[in-house]
Amino acid sequence: MVRTKLSSVYLMVVALVLIFTPAAAQSNISADETFRIAIGVAVRDLEPTVATGIIANMLDYVLETLVQTDETGAVLPGLAESWEISEDGKSVTFKLRQGVTFHDGEPFNAEAMAFSLGRWKNPVVRGRANPFTEQLLANIEVIDEYTLRVDTLFTADLLLSNLLFTGYGAISPKSINEHGNSYTEPQGETPGASVYQFPIGTGPYKFVSLTPEGMNLERFADYWGEMPYYAGVTFQFIPEAATRESLLLAGQTDMIVLPPVSDIVALQNNDAVEVLIAPGNRAIYIALNTTREVLQDARVRQAINYAVDKEAIVNDLLFGAATVATSIVSEDSFGHCATGPYEYNPELARQLLAEAGVSNLTLNFAAPTGRFLQDFQVAQAVAAYLSVVGISAEPTTSDYSTYVGQLFVPAEAQTLDMSMFGYAPPGPDAALGMYFISHNTQITPRGLNTAYYNNPEYSALIDEAFTNPDRNVRAQLLCDAQKIIWEDAPWLFLYFQDFPIVYRAGLEGITYRSGEKFDSIYARPSGS
Amino acid sequence: MWRYVLKRLLGAIVTILGVLTIVFLLLRFIPGDPARLVAGLTASPEEVEAARERLGLNQPLPIQYGIFIGNILRGDFGTSLFTRRPVMQDIVARLPYTFQLALVTMVLTTVLGIPLGILAATREKMWVDHVISVGSLLGISLPSYALGLLLIVVFAVNLKWLPAAGAGDGIRSIILPAFTLSLIFLAVITRITRGSMLEALRQDYVRTARAKGLPNHQVLTRHALRNALLPVVTILGLQFGGLMSGAVLTETVFGWPGLGLLLTDSIFNRDYPMVEGLVLFIAVIFVFVNLAVDLLYAAIDPRIHYG
């Protein structure tokens, strides 16, 4: 009796499994034609104006910007064939490429480009007005069908550098109310709303679908430029680094980003795969709370910099996947000039501490876990180095959101003396790398200057670099500013995190772009 | 019986309301500011305030709570702070993945666990029993993370029999994650079945049955097993409820896009409405699974009646 009941339950369960299983099998593009990329983020939001990091990188296959970059961070023609900078350096007139169509068949022109840039200034889209963008894109003017002028309160250099950012890509104006996208203007009391999750751009691949498993793209037959080899691209969302590595080694994906750092050497020795280490622009540093009495003395802050062996940390904890910082900004930034590194010299550190009259120093140190490569491990190593010179700074950790909450408090409420962070600027210009994290208008909680660093002379140099139209003068201003902050040492300068890409052997055309980005758009089997 | 079900359902509403209230409060008391996270780290204080206002997080807590409960009663589960889409859309998209994994795991656990438990009980203190006991101890002790990676390396990387991760390959994709999950539950079910069977086998009615000269398999299945099954069914029910709320570690290792990953992502991002929607969903599932288990008791044990 029981047996028959139970066995019928089994049958039902098995039947249910069979009914629900086919739902999972949905990729019907044959594997040999689709290029598969495994990434660590499960992406749910594709709104271009808020996309950063890997999400922006995925959107690079679909959207194109006026200008584009390469490995070196140079500003190259994109949807704009050429541009002219006005005498005063405050306006850029773009000559747009002709014969470009959006994925929905709409023509690309100055009107569409102005519309796309205008979304950045629309509070309905961004949910807010952004003062930085207001100044950056002060005025957008359609001159004729293929000519667009952008006026900025900053300089043309900075504008062009910013426009490399994926979020400034062109989207079809018609698409904001199609394909499930929706846009409503505010009416009286009711606020407007914008949902844009089906991007329609001009890129070599068009968006097909975003599922919990991944994102699927298809080659765009009417693409204006060189046609990619693969008919489709699939991004697979695989949060665990070791699993991404296995997927590649099992031949079930073609390319992965960010493998487990500890396996990079083994992967380099494996003939079945190729390893490409792209230099990154993400500065990893430990902000020193410059409002704390003992840390107000620059000698103490310099001592902390001399006390830590950055070279050893990069080699032993990051397995070489980082570049020791020689300045506050990465080497491929416009205006970078080498001001360091602080060599490892515990003796000098002790001497500086003694000169400052500091002994038995205990500092309150916090770092996130799992946000940046080996973050908490590095924090622990830093603490070990500091203990050698007589500074006790045992790090504490928490999840990233809690940690951010801890950082964003005014100086008088801040209990932390040292806090680790990683910052990647929005474009390859030193002014951008410096402004958001060290300018005195950006002191937390106003901005991300978590060291509460306030040097008016330094900030004035950055301000001047934001507005001076002369490239050479700008470079000099930025270099002077880098020297000042390096001497002031409001941070323990660590390194710039690399961006490792691994792909199966027998492929060519895979490269990277400045700013933590992979580029496999023109990937193809070697010799084809 | 219907009166019983109705009574239980009324009780369920109180339970779910309680769970929602606790989650609502917990989310607002843990540190981390969603307005800052939504607006961005380099956003100005004005932008952060604008975001706070748009998200309704500037209202006093009791008002936020009132709006929250009111919306749920109207069937509006809110929109994600980040994607600005209804949270149910994301939950429903991931439900099939979680459901498949839970079902296959349950099937594996049941068809293997109960027979193994019976086998161990009937061979008490013999080598079969010892092997099963040690095996299940191993199953409980192995972290699913390590086991999952081990299985991937063996079956995907070396043997190339099965997909290493993802859900794109139908039933083949589900084998490794389901096996990883079921190994842990299998250990529990085997041990409980064994203990419960041993107790039943010592009862007078079993001795009577044997004395009557019934064949051994009839004594085991009709008399002993039927009585031993109640605790097993309870545990299976709870496990099913747990599996439906997502298996975070296994989902992470296998890149299986279930509810567990969505829940942890949302907690880490302080996506209040998404967490609240998921918890509501999970609470409802638990309540119904429990009710189903209780009703199943009556089917297994004729002495149980719900008047």
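Residues numbered from 1 in each chain as written. Chains lettered and ligands numbered in written order. Predicted model: local features only at pLDDT ≥ 70, side-chain atom pairs only at ≥ 80, totals over all residues. Heavy atoms only, no water.

**A word on the overall build of chain B**
Assigned secondary structure in chain B consists of 13 helices and zero strands. When the helices and strands of chain B are read in sequence order from the N terminus, they spell out α-α-α-α-α-α-α-α-α-α-α-α-α. Based on the C-alpha atoms only, the size of chain B along its principal axes is roughly 85 × 60 × 30 Å. In chain B, buried positions account for 50% of the 307 residues. Counting every atom, chain B has about 14,100 Å² of accessible surface; 70% of that belongs to carbon and sulfur. Here chain B contributes 25 positively and 18 negatively charged side chains, and the mean placements of these two sets differ by 13 Å. (Helix = DSSP H or I, 4+ residues; strand = E, 2+ residues; numbered from the N terminus. Buried < 20%, exposed > 50% of the residue type's maximum accessible area, 1.4 Å probe, protein only. Areas by Shrake-Rupley, 256 points an atom, 1.4 Å probe, with all protein chains shown as cover. Lys, Arg positive; Asp, Glu negative; His and termini not counted. Charge placed at Lys NZ, Arg CZ, Asp CG, Glu CD.)

**Focus: helix α1 (residues 2-29) of chain B**
Look at α1 of chain B: 41 Å from first C-alpha to last across 28 residues, which is about the 40 Å you get at 1.5 Å a residue. Buried residues along α1 of chain B sit in contact with α4 (61-73) and α13 (272-300) of chain B. (Expected span 1.5 Å × (residues − 1). Contact = heavy atoms within 4.5 Å.)

**Let's talk about the interface of chain B and chain A**
It is common to report an interface's size as the accessible area lost on association of the parts. Counting residues at the interface gives 64 residues for chain B, matched by 54 residues for chain A. In this assembly, chain B packs against chain A so that about 4,800 Å² is buried in total across both faces, 62% of it on carbon and sulfur atoms. A per-residue breakdown of the area chain B buries against chain A is headed by L41, E47 and R84 of chain B, which together make up 12% of the total. At the junction of chain B with chain A, the criterion picks out three salt bridges. Across the pair D90 of chain B and R44 of chain A runs a salt bridge, and its minimum N-O distance is 2.9 Å. Across the chain B-chain A interface, the total number found is 14 residue pairs in polar contact (both at pLDDT 80 or more). For the side of chain B that touches chain A, the secondary structure elements donating two or more residues are α2 (34-39), α3 (45-54), α5 (87-122), α7 (144-158), α10 (216-244), α11 (248-254), α12 (259-268) and α13 of chain B. For the side of chain B that touches chain A, the element with the highest residue contribution is α5 of chain B, accounting for 11 residues. (Buried area = accessible area lost by both parts, 1.4 Å probe. Salt bridge = Lys/Arg side-chain N within 4 Å of Asp/Glu carboxyl O. Polar contact = N/O pair within 3.5 Å; in protein donor to acceptor, adjacent residues only side chain to side chain.)

**A look at the sheet that holds strand β7 (residues 147-151) of chain A**
All names here are of chain A. Read across the sheet, four strands follow the order β4-β5-β7-β6 without closing on themselves; strand pairing throughout is antiparallel. In this open sheet, the two edge strands, each paired with only one partner strand, are β4 (80-85) and β6 (139-144). Averaged over all pairs of adjacent strands, the angle between strand axes in this sheet comes to 20°, irrespective of strand direction. Pairing of β4 with strand β5 (residues 91-96) involves five bridges; the strand directions are antiparallel. In the sheet register, I85 faces β5, and the bridge partner there is V92. Set on the sheet, helix α3 (residues 110-118) makes contact with β5, β6 and β7; between it and β6 the angle comes to about 175°. (Pairing = 2+ DSSP bridges. Axes fitted to C-alpha atoms, helices over the stretch in contact; angles between N-to-C directions.)

**Focus: the domain arrangement of chain A**
Residue and element names in this part refer to chain A. Each domain of chain A was delimited in the assignment, giving domain 1 (2-19 + 46-186 + 196-203) and domain 2 (280-498). Taking only C-alpha atoms, the centre of domain 1 and the centre of domain 2 are 32 Å apart. The partner domain 2 presents 17 residues to the 16 residues of domain 1 that form the contact. Of the roughly 1,200 Å² buried at the junction of domain 1 and domain 2 (both faces included), carbon and sulfur atoms supply 61%. (Domains from an automatic or database assignment.)

**Focus: the packing of α5 of chain B against α13 of chain B**
Residues and elements named next belong to chain B. Two numbers describe how α5 lies on α13: the axes approach to 9 Å, and their chain directions differ by 50°. What the angle tells us is that α5 and α13 run oblique. Two packed elements cross with a definite hand, and for α5 against α13 that hand is right-handed. Touching V87, M88, D90, I91 and L95 of α5 are P273, M274, G277, L278 and F281, all from α13. Grouping the constituent residues of the contact of α5 with α13 by class yields eight nonpolar, one polar and one charged. (Parallel < 35°, antiparallel > 145°, perpendicular 65-115°, else oblique. Left-handed = near helix turned anticlockwise from the far one by under 90°. Nonpolar A, V, L, I, M, F, W, Y, C, P; charged D, E, K, R; others polar.)

**Points about the state of the cysteines**
Residue and element names in this part refer to chain A. The final tally for this structure, using the stated rule, is one disulfide over all chains. What pairs with C337 in a disulfide is C479, and their sulfur atoms sit 2.0 Å apart. On the sign convention where negative means left-handed, the S-S torsion of about 100° between C337 and C479 marks this disulfide as right-handed. Taken together, the residues C337 in the loop between β15 (322-324) and α11 (346-355) and C479 in helix α16 (residues 471-488) connect sequence positions 142 residues apart. For the pair C337 and C479, one class covers both residues: buried. (Disulfide = S-S within 2.5 Å.)

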